[in-house]
Amino acid sequence: MTALAMVRIVEREAEVFRRLWRAFVFSNVVSPVLFLGAMGLGLGGLIDARSRGIGGGLSYVEFIAPGLMAANAMQSGAGMSLWPILGGMKWIRYFHGMVATPVRARDVYWGELAWSGLRTAVTSSVFLVVATLFGGIHSPWAVLAVPAAMLCALAFSAPLMAFSATQETDLGFPLVFRLGVMPLFLFSGTFFPVSQLPSAVRPLAAVSPLWHGVELCRAAATGSFRFGPIVAHVAVLSALVAAGAWWGTRTFERRLSP
């Protein structure tokens, strides 16, 4: 039942998306593209004029484009995993309607997680095309940045969906963004190499899921692969997805089971 139920839930989310896609396009496509233009071309033009490149001789737009792809995936995955999940649990309670059918609570969790990954893949694909037009992508291996961004998004979505299922109000959700998402966005190698951080805090990058996603996307976008680091990044993100999924299936079952 799980695979079929997941498909049904994804179909439901796709139907909702069909009606609300305009708001999605602005927040998840237009805004990141404008940010890429401002930072990569605007600020990047000043940086490139004063230096010989950043992060291995890359132009600034080449450096920042894959980082922003991963960061946008993180923000999208986190946003989809907080208020919409609590809405389905408590405010609108459409999850309860789902489990009143043969769909199980764990099917709801996996369906929502699958939709998060699929939506991120669509967003990242569009972003990749635009970044290429901006001159930020030159390697044909850059297509692998899309699954890398999707894995990064799932590493946030899986545990945050589980967390949302334990909440009665959304009072803690802004703190997730202010104390979690935004610091990671700024200090995980998106805008500058983590080697430029103070030596005392540099090792903290290893525990940042976004840093692992940024490194994967940047390796794909530049075509510079090193087997050991790639395996490590994928292993860390996959472990976060697995741990979040283990937690999420249990929190959804506790919240939605009769």
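Residues numbered from 1 in each chain as written. Predicted model: local features only at pLDDT ≥ 70, side-chain atom pairs only at ≥ 80, totals over all residues. Heavy atoms only, no water.

Undergrad: A description of the layout of surface pockets should follow, citing residues and the corresponding values.
TA: A volume near 660 Å³ is recorded for the largest pocket. Taken together, 30 residues make up the lining of the largest pocket; nearest its centre are Phe-24, Ser-27, Asn-28, Met-80 and Arg-119. Of all the elements in the fold, those that place two or more residues in the lining of the largest pocket are α1 (2–50), α2 (60–80), α3 (83–91) and α5 (105–133). By residue number, the principal contributor to the lining of the largest pocket is α1, which donates twelve residues. Looking at side-chain class alone, the lining of the largest pocket contains 19 nonpolar, seven polar and four charged residues. Taken as a whole, the second largest pocket encloses approximately 390 Å³ of empty space. Glu-215, Arg-218, Ala-219, Ser-224 and Arg-226 are the residues nearest the centre of the second largest pocket, which is lined by 18 residues in total. (1 Å grid on protein atoms, 1.4 Å probe; cavity = no way out; pocket = protein on both sides within 12 Å on 5 of 7 lines; lining within 4 Å. Points joined across faces, edges and corners; volume = space filled by probe spheres on them. Helix = DSSP H or I, 4+ residues; strand = E, 2+ residues; numbered from the N terminus. Nonpolar A, V, L, I, M, F, W, Y, C, P; charged D, E, K, R; others polar.)

Undergrad: I'd like a description of the environment of Leu-4, backed by residues and values.
TA: Inspection of the secondary structure puts Leu-4 in helix α1. The class of Leu-4 is partly exposed, set by a relative accessible area of 46%. Sequence spacing of Leu-4 and Asp-107 is 103 residues, and the spatial spacing of their C-alpha atoms is 9.0 Å. (Buried < 20%, exposed > 50% of the residue type's maximum accessible area, 1.4 Å probe, protein only.)

Undergrad: Tell me about the side chain of Thr-249, and please be specific about residues and values.
TA: Tracing the backbone through its elements, the reader meets Thr-249 in helix α9 (residues 227–256). Residue class for Thr-249 comes out buried when judged on its relative accessible area of 4%. A polar contact is formed between the side chain of Thr-249 and the side chain of Arg-250, at a distance of 3.2 Å. Those residues in contact with Thr-249, other than ones at most four positions away along the chain, are Arg-106, Tyr-109 and Trp-110. (Polar contact = N/O pair within 3.5 Å; in protein donor to acceptor, adjacent residues only side chain to side chain. Contact = heavy atoms within 4.5 Å.)

Undergrad: Quick rundown of helix α6 (residues 145–164)? Include the residues and the values.
TA: When the terminal C-alpha atoms of α6 are compared, their 28 Å separation across 20 residues agrees well with the 28 Å that a helix rising 1.5 Å per residue should span. The buried count for α6 comes to 16 of 20 residues, which makes it a mostly enclosed element. (Expected span 1.5 Å × (residues − 1).)

Undergrad: Before we move on, could you go through the side chain of Arg-119 and cite the residues and values that matter?
TA: Mapped onto the elements, Arg-119 comes out in helix α5. As a buried residue without a salt bridge, Arg-119 has its nearest oppositely charged side chain in Glu-13, at a separation of 7.2 Å. Filtering out sequence-adjacent residues up to four positions away, Arg-119 remains in contact with Phe-24, Asn-28, Ser-76 and Met-80. (Lys, Arg positive; Asp, Glu negative; His and termini not counted. Salt bridge = Lys/Arg side-chain N within 4 Å of Asp/Glu carboxyl O.)

Undergrad: Hey, could you go over the packing of aromatic side chains for me, with residue numbers and the actual values?
TA: One pass over the structure, following the stated rule, counts 13 aromatic pairs. Plain terms: the ring middles of Phe-17 and Trp-115 are 6.0 Å apart, the flat faces sit at 65° to each other, and that makes the pair edge-to-face. Of the two residues, Phe-17 is situated in helix α1 and Trp-115 in helix α5; the sequence distance between them amounts to 98 residues. Of the residues examined, Phe-17 reaches a relative accessible area of 26% and is grouped as partly exposed. (Phe/Tyr/Trp six-rings, centres within 6.5 Å; stacked < 30°, edge-to-face > 60°.)

Undergrad: Summarise the pattern of salt bridges; cite the residues concerned and give the values.
TA: For the coordinates displayed, the defined rule picks out nine salt bridges. Close ionic contact of Glu-168 with Lys-90 constitutes a salt bridge, the shortest N to O distance being 3.3 Å. In this pair, Glu-168 sits in the loop between α6 and α7 (173–187) while Lys-90 sits in helix α3, placing the two residues 78 residues apart along the sequence. Given the relative accessible area of 46%, Glu-168 is considered partly exposed. Between Glu-168 and Arg-255 there is a salt bridge, with its nearest N and O atoms 3.6 Å apart. One end of the pair, Glu-168, is in the loop between α6 and α7; the other, Arg-255, is in helix α9, with 87 residues separating them in the sequence.

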